[in-house]
Amino acid sequence: MLDVTLVLGLLVVAVALFSFEVLSVDLVTLLLLLALIVGGILTPEQAFAGFASELVLTLIAIFVLSGALQQTGAVAGLAAFLGRLAGARPNRLLLLLLAATGAVSSVINNTTATAVFMPPGMAAAKRLKISPSRFLMPIAFASILGGTCTLIGTSTNLAVSGSLAAAGEPPLGMFELAPVGLVALPIGLAYLLLFGRRLLPDRAEASLADAYAIRQYLFEARIPEGSALVGQRLYDSELARRGFRVLEVSRGGATTLPGPETHLEAGDQLLVQGPADELVAALGSSAIDVQPDRPADATLAGGDVQVTEALVSPYSDLVDRTLQEARFHQRFGVTVLGLHRGGVPFAGKLARVRLRLGDLLLVQGTRAR
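Residues numbered from 1 in each chain as written. Predicted model: local features only at pLDDT ≥ 70, side-chain atom pairs only at ≥ 80, totals over all residues. Heavy atoms only, no water.

1. Some details on the packing of helix H8 (residues 133-146) against helix H10 (residues 178-194)
So, point 1. The geometry of H8 relative to H10 is characterised by a closest axis approach of 9 Å and an angle of 170° between their N-to-C directions. By the angle between their directions, the pair H8 and H10 is classed as roughly antiparallel. Residue-level inspection shows Pro-138, Phe-141, Ala-142, Leu-145 and Gly-146 of H8 in contact with H10, the latter providing Ala-184, Leu-185, Gly-188, Leu-189 and Leu-192.
So, point 2. The class makeup of the residues in the contact of H8 with H10 is eight nonpolar, two polar and no charged. (Axes fitted to C-alpha atoms, helices over the stretch in contact; angles between N-to-C directions. Helix = DSSP H or I, 4+ residues; strand = E, 2+ residues; numbered from the N terminus. Parallel < 35°, antiparallel > 145°, perpendicular 65-115°, else oblique. Contact = heavy atoms within 4.5 Å. Nonpolar A, V, L, I, M, F, W, Y, C, P; charged D, E, K, R; others polar.)

Structure (structure tokens):
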């Protein structure tokens, strides 16, 4: 009874740590394994027996192969070719994407296949001005159906095969599931193309400004004659010291992105990110003249200036550092407009928040940058 209580307690703790992402998944797993050994539930031999398992080694090999295909762009090149082949015909593009996803997911891990074909699907939806859900959910189902065709199509098939071998039964062969999978795949794809896509929601894609909730913190301001800001270098100015970011500087009819050597002049029209009332309260109306808001989507991109999303990857040196500490703007020449963490836009001071693995950054810069 004590062993059961201990195991259930460790399970609850593990689920909580997984949910709140206090520690990385691999570290939580190893700590759980160590706790089972210390608690006497498992012997060291039992705990580490899995590392010598044929199933585990096969899964490792499949993930290495899948990662190589993804990193080298081999499968992504196929997806791009399909997009060019289909042109502006969404039905043909959906057919090609589903057929390719089903075929590829039968020979590599289906999760990787889904990840590879999602970006082309989203890009095609944006280009054709239709809801991304029209492509993404069918792609996910196609990868599941394709994974049923071979032993290595999904880790579930390998787990079942390993369990059969452990029970003294012959393991599954490479194509033993194919008679069922090759029937289920075309039937499933036909349903998705003829009926399933009609049941999918046609949600309008939110603009990046709305998704990152930056519209409410975007305003125009003008530097009047006699302002204390005149002559100050932008990065050393009172604006920067108080955490406000200037995204654009309009001067003499020309609009430019501010750089490290940009100096403020009387008459400059600034696009500023931050609470407008705080800025006026801090500097006073004689130092800066706040203008009425203008649509955020019209100001963030245009001409040579682009807005895009960037993901903080596992090996990035930005993890656990602030944008100020990393000298983000100076290194990359782009401005961070917003941050998405755990599906929720971050509302605090961006310059002082410590970045985490998986954070999405909304960045603005020139095409070259």
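That was the structure; now back to the text.
2. Some points on the sheet that holds strand E4 (residues 269-273)
So, point 1. In space, the five strands of this open sheet follow the order E3-E2-E4-E1-E5, with antiparallel pairing throughout. Each edge of the open sheet is held by one strand with a lone partner, namely strand E3 (254-256) and strand E5 (289-290).
So, point 2. With five bridges joining them, strand E2 (residues 245-251) and E4 adopt antiparallel strand pairing. In the strand pairing of E4, Val-249 is matched with Leu-270. (Pairing = 2+ DSSP bridges.)

3. A word on the packing of aromatic side chains
So, point 1. The tally for this structure, following the rule as stated, stands at two aromatic pairs.
So, point 2. Ring centres 6.1 Å apart and planes at 35° place the aromatic pair Tyr-191 and Phe-195 in the tilted group. (Phe/Tyr/Trp six-rings, centres within 6.5 Å; stacked < 30°, edge-to-face > 60°.)

4. Thoughts on the pattern of salt bridges
So, point 1. Counted under the stated rule, the structure contains five salt bridges.
So, point 2. In this structure, Arg-251 and Asp-268 form a salt bridge, with 2.6 Å as the shortest nitrogen-oxygen distance. Linking Arg-251 in strand E2 with Asp-268 in the loop between E3 and E4, this pair joins segments that are 17 residues apart in sequence.
So, point 3. The partner of Asp-359 in a salt bridge is Arg-341, with the nearest N and O atoms 2.7 Å apart. Of the two residues, Asp-359 is situated in the loop between strand E8 (344-345) and strand E9 (360-366) and Arg-341 in strand E7 (residues 335-341); the sequence distance between them amounts to 18 residues. By the burial criterion, Asp-359 is buried, and Arg-341 matches it. (Salt bridge = Lys/Arg side-chain N within 4 Å of Asp/Glu carboxyl O. Buried < 20%, exposed > 50% of the residue type's maximum accessible area, 1.4 Å probe, protein only.)

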